[in-house]
Amino acid sequence: MRRIKSTTAVASPPAVPPLTGVEGYFTNGNPTAGVPATLVPDWWLNLVQEELLAFPAAAGITPGANSDQALQSVRRIASANYTTIYDNTVLTPDQAGLVVVAMAGSTNKGINLPPSNSAGGLPIRYDFVRYDTGGGTVTINAINGDTIEGAGAILDLPYFGRISLQSNGAGVWWVVSEGARGVHAASPGLVHLSGGLMMQFCRNVTGVTNASGDASIAFTYPRAFPSGQVFGYSITASDEATPRNNATANVYQVTSSFLSAQVKVPGGAAGTLCAISGFVIGR
């Protein structure tokens, strides 16, 4: 939206005269009943015009002939946009809001922030959520000499990471929140940790012993580790058939998608029910 442009327009708003009459609503009038139509004065039209133009001014948007600038301004001010990105991207102020990162493939990708002052020196905020299982690194990059908290211009967005950034409108992006979320509370389940790490856990994954009192039990993770990296695990065994709790577990295979353990139940006959419980941490 922009101000009226006409050969009859004036360069400055006329003064608002003393107001009289009834405060209410417009009417077309009723000549038969002697009700006059509502006159629309210049001061009221100017008031409506300036109210609407206040939105792009607050959002750092240059008024133009677009018919959606009020809506665009509200979305920018409220960071109410929703954007999904799949590849290298240069964000604009009009994508302020939730940015879902769903990168495809295993190559490294980058997300460039707009210049921090590109909304007329007003703050811009993005809430990043990464939800892909690609094998590549995703970075958020400040450009045009901007920094992220004054300490650099590149920020990693880990697997399943959540990072919110807000500009000060003058050269700096601030991390206003950072973290990860947990999912799959049931067993087996997983919890997303910071730095792109995942902890995957199980409780009472059962197996049955053979004639030697051994059982091979596999814990298949709820989700394979995207990078294939496993950093540590802890597994315990139990004898589900009796309260002796003297079963032992020996982990003999750990992959990006499952862990296998050999459970020994001392004195257990063939067919003894046993189980493993524990967790695996990886990325």
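Computed from a prediction, not measured in an experiment: that's the story for all the values here.

### Section: the sheet that holds strand E17 (residues 258–264)
Read across the open sheet, the three strands follow the order E14-E17-E16; overall the sheet is antiparallel. On the outer flanks of this sheet lie strand E14 (214–220) and strand E16 (248–254), each paired with one strand and no other. In this sheet, adjacent strand axes meet at a mean angle of 25° when their direction is disregarded.

### Concerning the pairing of strand E1 (residues 81–85)
In summary, the side chains of a regular strand alternate between the two faces of the sheet. Every second residue of E1 is oriented toward a common face, the buried set being Asn 81, Thr 83 and Ile 85 and the non-buried set Tyr 82 and Thr 84. Judged from the five bridges that link them, E1 and strand E3 (residues 97–101) form a sheet pairing that is parallel. Bridge pairing in E3 links Thr 83 to Val 99.

### What about the pattern of salt bridges?
Here the structure, examined in full by the defined rule, presents four salt bridges. Note that Arg 125 is salt-bridged to Asp 127, the shortest N-O span being 3.0 Å. We classify Arg 125 as partly exposed; its relative accessible area is 28%.

### Considerations on helix H2 (residues 69–77)
Working note: α-helix, 3.6 residues per turn, so residues spaced by three or four point in the same direction. Turning to H2, its buried residues number three or more, namely Gln 69, Ser 73 and Arg 76. Looking straight down H2, one finds that the buried residues subtend no more than 65° of arc, so they occupy a single side. Buried positions along H2 lie against helix H1 (42–59) and E1. Positive backbone phi, at 50°, marks Ser 79, one or two positions downstream of H2.

### What to know about a nonpolar patch on the surface
A surface patch of nonpolar side chains, amounting to about 280 Å² of accessible area, comprises Val 48, Leu 52, Phe 55 and Val 74. In terms of residues, the nonpolar patch owes the most to one element, H1, which gives three residues. If you trace the backbone, Val 48 turns up in helix H1.

### Things to note about the packing of aromatic side chains
According to the stated counting rule, one finds five aromatic pairs in the structure shown. Here the aromatic rings of Phe 26 and Trp 44 are separated by 5.0 Å at their centres, their planes lie at 80°, and the arrangement is edge-to-face. In this pair, Phe 26 sits in the segment before H1 while Trp 44 sits in helix H1, placing the two residues 18 residues apart along the sequence. Judged by relative accessible area, which is 52%, Phe 26 ranks as exposed.

### Quick notes on the sheet that holds strand E8 (residues 154–156)
Pairing is mixed across the open sheet formed by four strands, whose spatial order is E2-E4-E6-E8. Of all strands in the sheet, those with a lone pairing partner are strand E2 (89–90) and E8, marking the two edges. Relative to E8, strand E6 (residues 138–141) is paired through three bridges, and the arrangement is antiparallel. The residue of E8 that forms the bridge with Ile 140 is Leu 155.

### Some points on the pairing of E17
Here seven bridges tie E14 to E17, and the two strands are oriented antiparallel to one another. Along E17, the bridge assignment pairs Asp 214 with Lys 264. Bridge analysis of E16 against E17 gives six bridges, and the strand direction is antiparallel. Bridge pairing in E17 places Thr 248 opposite Lys 264. Two successive antiparallel strands, E16 and E17, enclose a turn made up of three residues.

### Comments concerning the confidence of the model for the chain
Looking at the chain as a whole, the pLDDT averages 86, with 94% of positions reaching at least 70. In the model of the chain, strand E11 (residues 182–183) stands out as the element of lowest mean pLDDT, 48, in contrast to E2, which has the highest, 95.

### Here we look at unusual backbone geometry
Despite not being glycine, Asn 144 shows a phi value in the positive range, around 55°. Looking at the element boundaries, Asn 144 is found in the loop between E6 and strand E7 (147–148). Even without glycine at this site, Asn 204 takes up a positive phi of about 55°. A relative accessible area of 29% means that Asn 204 is categorised as partly exposed.

### Comments concerning the packing of H1 against H2
Remark: H1 packs on H2, axes separated minimally by 8 Å, with the N-to-C direction vectors making an angle of 40°. Regarding the angle of H1 to H2, the classification is oblique. The hand of the H1/H2 crossing is left-handed. Residues Phe 55, Pro 56, Ala 58 and Ala 59 of H1 form the contact with H2, whose participating residues are Ala 70, Ser 73, Val 74, Arg 76 and Ile 77. Looking at the contact of H1 with H2, its residues break down into seven nonpolar, one polar and one charged.

Reading the values: rules and limits
Residues numbered from 1 in each chain as written. Predicted model: local features only at pLDDT ≥ 70, side-chain atom pairs only at ≥ 80, totals over all residues. Heavy atoms only, no water. Pairing = 2+ DSSP bridges. Helix = DSSP H or I, 4+ residues; strand = E, 2+ residues; numbered from the N terminus. Axes fitted to C-alpha atoms, helices over the stretch in contact; angles between N-to-C directions. Buried < 20%, exposed > 50% of the residue type's maximum accessible area, 1.4 Å probe, protein only. Salt bridge = Lys/Arg side-chain N within 4 Å of Asp/Glu carboxyl O. Arc of directions from axis to C-beta. Contact = heavy atoms within 4.5 Å. Patch = residues over 30% accessible without salt bridge, like charges linked within 9 Å, V, L, I, M, F, W, Y side chains within 5 Å. Areas by Shrake-Rupley, 256 points an atom, 1.4 Å probe, with all protein chains shown as cover. Phe/Tyr/Trp six-rings, centres within 6.5 Å; stacked < 30°, edge-to-face > 60°. pLDDT = per-residue confidence, 0-100. Parallel < 35°, antiparallel > 145°, perpendicular 65-115°, else oblique. Left-handed = near helix turned anticlockwise from the far one by under 90°. Nonpolar A, V, L, I, M, F, W, Y, C, P; charged D, E, K, R; others polar.

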